[in-house]
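Report on the structure
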Amino acid sequence: MGVKEAREVLKQFFGYDQFRPGQEDIIGNVLAKRDTVVLMPTGGGKSVCYQVPGLVLPGLCVVVSPLIALMKDQVEALLANGVNAGYLNSSQAAKEQQLIEQQCFDGRLKMLYVSPEKLLSAGFFSFLKRLEISLFAIDEAHCISAWGHDFRPEYLQLKNLKLQFPEVPIIALTATADRLTQKDILTQLYLQNPRVFISSFDRPNIHLQVQPGQKRMEAILDFLEERPFQPGIIYCLSRKATESLAAKLKEKGFNADYYHAGLSAKDRDKVQEKFLQDNIQIMCATIAFGMGIDKSNVRWVIHYNLPKNLESYYQEIGRGGRDGAPAEALLFYSLADVMTLRDIVTQGDNKEQALSLAKLDRMQQFAESTSCRRKTLMHYFGEEFDRDCGNCDICDNPPTSFNGTELAQKILSAVARTKETVASAQVVDILRGSRNQLTISRGYDQLKTFGAGREVPSQDWQRYIHQLINQGILEVAYDEHGALKLTNASQEVLFRGKKVELVKFQAPLPKEEKEKRQKKSRSGVENALFEHLRQLRKQLANERNIPPYVVFTDNTLQEIVEQRPTNKPAFLAISGVAQAKYEQYGEIFINAILSFLAQQADQQQARLKGTTHLVTYELLRQGKTPEQISEQRQVQLTTIYSHLATLYQQGYEVDLKPYLADWEYSRVREAILQTKQTAAMKPIFDYLEGEIDYMKIRLGIGRFNKENS
Ligand code: ADP
Ligand code: ZN
C-alpha cells in the first residue's frame, strides 16, 4: 500500500491530479500506520490527509469531529464523490443510527463521522471492537487543550482510543498552531512516536489590501460592483452597524442580510443556511458569524472596522477562499476605530489591558505598513517569510518615499493653530478647506492653514498623519477624543528645519484600467458562461438540498469555463471532478456548455448577417423545416415562426401556405379586424376561442401586415 494507490484514490474520488505540498508525506506516514499530527491552515486540505488513507487502508476510518452542524455537509460531500460515508451524533433518530451501524457491520461504510459525545457514550467502544478499524482521525484536535479558546472537556477522554485500540494509528488535525496546543495534543492523546507536520500558515490565495476608512460606503459599492454575485462577508463592530449596512446595501439593490448574536437561534440558522446555499450574497455580520461555517466559496471578506488584534483579523479573513481560488480581504482603517477599540479593551482588568493594547498597536502597525503586508503578518505569527508576497496592495503598487517636509509642516501648523485640540479627521478638513459645522462654528475657516492643502486628497492626508505619528512627530491623545499633540520632534520640523521623509502610495488604478485588467483575466463570454453554469450549479444544489460547492467548487467551475469540456475524458480531466461527480453531473454540464456555445455561435452568425431571422431564411432555403431549424439553432419553434412572419412581411420569398392554410388566415384576418389588434396576440387567440394556435396567429399577422402595407 503506497503512495501510488493514494494518488489513484485522489484522482478517482476527489478528481485531483496532484497532492498539495505536505499532503503526500502526511499520507505516507499514516499509511505506514504511524501516529501523525497535522497543523495546517484552514483551506490547506486537511481532510484529504485522512480521507485518502481511509480509502486506501482496509476497514473503517472513524473521524471524531466536534462540529455536529458540519458533519452533514462533510458526509454529503463524500457521498457526492462516491465515498460511502455516514455519521452518528445526538441529532439523529435511533432508526437512522441503526441503519448506519448496520452498514458498519456489513463492511459497506468506509468513513464514519462521530461526535466526541457519541464516541464516549456507553457501549460505543465495544461496538467499535467488533469492527475492523483502519484509522482514527481527530479533527479540530486543538479542542483538547485546556489553554485554547475551543476547549472541550470530552476531548480529554479521547486518550482512551490509544489505550483501547493500541494498534490503530491516530491522525490529529488542527488549524491552530501554537506550541502549547501542539504539546497538549501529543501528550493527551497518548500518541506513540508521532510525527508532527507543520505547514506554512500563509493563505497565498487571499489578496490583502487596506484602505483609509473615509467614505467607506462609496468604496464598498465600487468593490461590490466589480464582484457581481460573488459571496462575501462584511464584518462590523456593532450589531446595529450590521443591520444598517445591510439595509443600505439592500436599498442599492444588493442581495444582503445581517447576522449577530442578538438574533434568535432560529433566525441565525436561517440566514446562515441561506448564505451557505448562495441565496444571500452579502452577509453583514459581527464576529459572532463564522464559527463553524464551512462555506468554501466565500470570495471576499471586508472589515468595515479595524479588528482588535491580528489574530482576529487573520481568523476572519481566513473564512475567504477556503477552496483555494483567489479571494480578497479588504480592511478599512481609521483612527476613530482605534479610539473605539481602545475604549473597549481598557474596560478589562489591568494585566489584560496592557496585552490588549499592545496587540492593538500591532494591528495598527499592520494597517499602516509600507512594506509587504503578508510579510508583516507572517512575522507576527512567528513564521519565516523573507520575500515580498506579490499578492497585497503594497506589492501591487510599492510606495515611494519623498521629501515630505512641507506637507508635514502644514499638518503641524494646523495642529498648533487649533491649540492641539482636534483629531486627525478635523485636521484634514481644515487642510482641505471643508466648510462644515465644526470648522465654521469654531472659526477654523479663519485660520491661515484653512484650505492650505486642497490639492492633496483627504485619504492621502490621513496616511501622512499616520506616518507622522509613527515617526514620533505627532502624538494621539486617546483620552482627549484622539486630539493630535505636538512633540519635541514637531518643534524641530516646524522651527529648526528638520527634514521629513514621507511615503507616497500609488493612486489605485483608474476604473477603466482596472476593467481592462479584469477583462484580460476573464473575457465577457467566459463571464457569461461562468454565470450560466453557476446558476445551473445552484439549481442542482437546491434540488438536492446541498450547498452549491458540494456540486463543484468555484475553482472547478472556473476550470470548466476555461476548458469547456464537451466529452467525458475532457470533463474528467478537470481538477475536482471525481468519477462519481461526472456520473451525476457531467452530462448535465456538458449539455449546458453545448447549448451555451450554440447560442453564442448563433448570436455571432446573426450579428454577422444583420439579424437573426436571416439565419432562419438561410436554413429555409437549404430546405430545412421550421422544426429542424428550431432544433439546430436551439431556438424555440415559436421564434422560428415569428422569423417566418417577419421574413414574409419584409418581402422575402417565403411560402406561408404549408404552415397557414387560407381558411386559417381568413379566420385570423377576421379576428384582427374585429379586435383591431396586430400587436398583441392574446386578444386574437381569445376571439378565436383557441381554434387557431399562437404560431399560426403570428404568421397570420405577418400576412395581414404585408397585404395592408
Ligand atoms: P481544511 O480542512 O484544511 O480547511 P479542506 O480539506 O476543506 O481544508 O480543503 C480545502 C479545499 O482544498 C477543498 O476544496 C479541497 O477539495 C481542496 N483540496 C484539497 N486537496 C487538494 C489537492 N491535492 N488538489 C486540489 N485541491 C485540493
Ligand atoms: Zn505583499
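Residues numbered from 1 in each chain as written. Chains lettered and ligands numbered in written order. Predicted model: local features only at pLDDT ≥ 70, side-chain atom pairs only at ≥ 80, totals over all residues. Heavy atoms only, no water.

An unreviewed UniProt entry annotates the protein chain as DNA helicase RecQ originating from Rufibacter glacialis. In UniProt, the protein chain has this text filed under Sequence similarities (unreviewed entry): "Belongs to the helicase family. RecQ subfamily." Heading Catalytic activity (unreviewed entry) of the UniProt record for the protein chain holds this comment: "Couples ATP hydrolysis with the unwinding of duplex DNA by translocating in the 3'-5' direction." (UniProt positions renumbered as here; feature names shortened; annotations may be inferred.)

With that out of the way, let us pick up the overall build of the protein chain. Each helix and strand in the protein chain was counted, giving 35 helices and 17 strands. In terms of its C-alpha atoms, the protein chain occupies a principal-axis envelope of roughly 100 × 85 × 45 Å. A burial count over the protein chain gives 49% of its 709 residues as buried. Long-range pairs, those at least 24 residues apart, make up 70% of the contacts in the protein chain between residues at least 6 apart in sequence. Summed over its atoms, the accessible surface of the protein chain is roughly 33800 Å², and 49% of this surface lies on carbon and sulfur atoms. (Helix = DSSP H or I, 4+ residues; strand = E, 2+ residues; numbered from the N terminus. Buried < 20%, exposed > 50% of the residue type's maximum accessible area, 1.4 Å probe, protein only. Contact = heavy atoms within 4.5 Å. Areas by Shrake-Rupley, 256 points an atom, 1.4 Å probe, with all protein chains shown as cover.)

Let us look at empty space enclosed by the protein. Rolled over the atoms, a probe with the dimensions of a water molecule shows which regions are left empty. The tally for this structure, following the rule as stated, stands at two cavities of 30 Å³ or more. A volume near 110 Å³ is recorded for the largest cavity. The wall of the largest cavity is formed by Val210, Gln211, Pro212, Tyr333, Ala367, Glu368, Arg373, Arg463, His466, Gln467, Asn470 and Phe505. Residue assignment for the lining of the largest cavity shows that the elements contributing at least two residues are strand 8 (206-212), helix 16 (350-368) and helix 22 (458-470). (1 Å grid on protein atoms, 1.4 Å probe; cavity = no way out; pocket = protein on both sides within 12 Å on 5 of 7 lines; lining within 4 Å. Points joined across faces, edges and corners; volume = space filled by probe spheres on them.)

Turning to the coordination of the zinc ion (ligand 2), a few remarks are in order. Around the zinc ion (ligand 2), the donor atoms from the protein are Cys372 (SG), Cys389 (SG), Cys392 (SG) and Cys395 (SG), and they sit 2.3 to 2.4 Å away. Between consecutive donor residues of the zinc ion (ligand 2), the sequence gaps follow C-x16-C-x2-C-x2-C. (Donors = N, O, S within 2.8 Å, 3.2 Å for Na, K, Ca; no water.)

Axis separation between helix 14 (residues 310-317) and helix 17 (residues 373-380) bottoms out at 11 Å; the angle between their running directions is 115°. Crossing angle aside, the handedness with which helix 14 passes helix 17 is left-handed. Within the contact between the two elements, helix 14 uses Leu310, Glu311, Tyr313 and Tyr314 and helix 17 uses Leu377, Met378 and Tyr380. Across the contact of helix 14 with helix 17, the residue classes break down as six nonpolar, no polar and one charged. (Axes fitted to C-alpha atoms, helices over the stretch in contact; angles between N-to-C directions. Left-handed = near helix turned anticlockwise from the far one by under 90°. Nonpolar A, V, L, I, M, F, W, Y, C, P; charged D, E, K, R; others polar.)

Let us now look at the domain arrangement of the protein chain. According to the domain assignment, the protein chain contains domain 1 (3-198), domain 2 (206-346 + 376-385), domain 3 (400-504) and domain 4 (524-707). Every contact between the two is made by 13 residues of domain 2 and, on the other side, 13 residues of domain 4. At the boundary of domain 2 with domain 4, total buried surface from both sides reaches about 1100 Å², with 41% on carbon and sulfur atoms. Area buried by domain 2 at its contact with domain 4 is led by Phe229, Gln277 and Asp278, which between them contribute 44% of it. Seen at the junction of domain 2 and domain 4, the total is two salt bridges. With a shortest N-O distance of 2.6 Å, Arg299 and Asp554 are connected by a salt bridge. Applying the counting rule to domain 2 against domain 4 returns four residue pairs in polar contact (both at pLDDT 80 or more). Residues belonging to the side of domain 2 that touches domain 4 are distributed by class as follows: three nonpolar, five polar and five charged. (Domains from an automatic or database assignment. Buried area = accessible area lost by both parts, 1.4 Å probe. Salt bridge = Lys/Arg side-chain N within 4 Å of Asp/Glu carboxyl O. Polar contact = N/O pair within 3.5 Å; in protein donor to acceptor, adjacent residues only side chain to side chain.)

All right, on to the sheet that holds strand 13 (residues 327-333) then. The strand order across the open sheet formed by six strands is 8-13-12-9-11-10, and the pairing between neighbours is parallel. Every interior strand has two partners, whereas the edge strands, strand 8 and strand 10 (256-259), have only one. Strand-to-strand twist across the sheet, computed as the mean angle between neighbouring axes with direction ignored, equals 20°. Along the sheet, helix 13 (residues 265-276) makes contact with strand 9 (232-235), strand 10 and strand 11 (282-285), crossing strand 10 at roughly 135°. Contacts between helix 14 and the sheet are confined to strand 8, strand 9, strand 12 (300-303) and strand 13, with strand 12 contributing the most and set at about 150° to the helix. (Pairing = 2+ DSSP bridges.)

What follows is about the pattern of salt bridges. If you walk through the whole model with that rule in mind, you get 31 salt bridges. Between Lys375 and Asp388 there is a salt bridge, and its shortest N-O distance comes to 3.2 Å. Placement of the pair is Lys375 in helix 17 and Asp388 in the loop between helix 17 and helix 18 (393-396), with a sequence separation of 13 residues. A residue is classified by how much of its surface remains accessible, and Lys375, at 23% relative accessible area, is partly exposed.

This paragraph deals with unusual backbone geometry. One non-glycine residue, Asn193, adopts positive backbone phi at about 40°. You can call Asn193 exposed: its relative accessible area is 71%.

Looking at the element boundaries, Thr286 is found in the loop between strand 11 and strand 12. Among residues more than four places away in sequence, those in contact with Thr286 are Tyr235, Cys236, Ser238, Arg239, Thr242, Tyr259, His260 and Ala261.

Per-residue confidence for the protein chain gives a mean pLDDT of 89; residues scoring 70 or more make up 96%. For the protein chain, helix 24 (residues 511-521) is the element with the lowest average pLDDT, namely 51, and strand 12 is the one with the highest, namely 98. (pLDDT = per-residue confidence, 0-100.)

All right, on to helix 2 (residues 23-31) then. The set of residues buried in helix 2 consists of Gln23, Ile26, Ile27, Asn29, Val30 and Leu31. Contacts from the buried residues of helix 2 go to helix 1 (3-14), strand 1 (36-39), helix 3 (46-56), strand 5 (133-138), strand 6 (170-174) and strand 7 (195-198).

So, about the sheet that holds strand 3 (residues 85-88). Pairing between sheet strands relies on hydrogen bonds along the backbone, with the strands arranged either parallel or antiparallel. Pairing in this open sheet of seven strands is parallel, and the strands run 3-4-2-5-6-1-7 from one edge to the other. Since the sheet does not close on itself, it has two edges, and those belong to strand 3 and strand 7, each with one partner. Going from strand to strand, the sheet's axes swing by 20° on average, the running direction of each strand aside. With respect to the sheet, helix 3 is in contact with strand 1, strand 2 (60-64), strand 4 (111-114), strand 5 and strand 6, its orientation differing from that of strand 6 by roughly 160°.

Around ligand 1, 15 residues are found, and the nearest of them are Tyr16, Gln18, Gly43, Lys46 and Ser47. Within the side chain of Arg20, a nitrogen or oxygen atom sits 3.0 Å from an oxygen atom of ligand 1. Between ligand 1 and the protein, one listed contact pairs an oxygen atom with a backbone N or O atom of Gly43 at 2.6 Å. Protein contact buries 81% of the 560 Å² of open area that ligand 1 shows by itself. Counting residues per element, the shell around ligand 1 draws most heavily on helix 3, at three residues. Here the residues of the shell around ligand 1 sort into four nonpolar, eight polar and three charged. (Near = heavy atom within 4 Å.)

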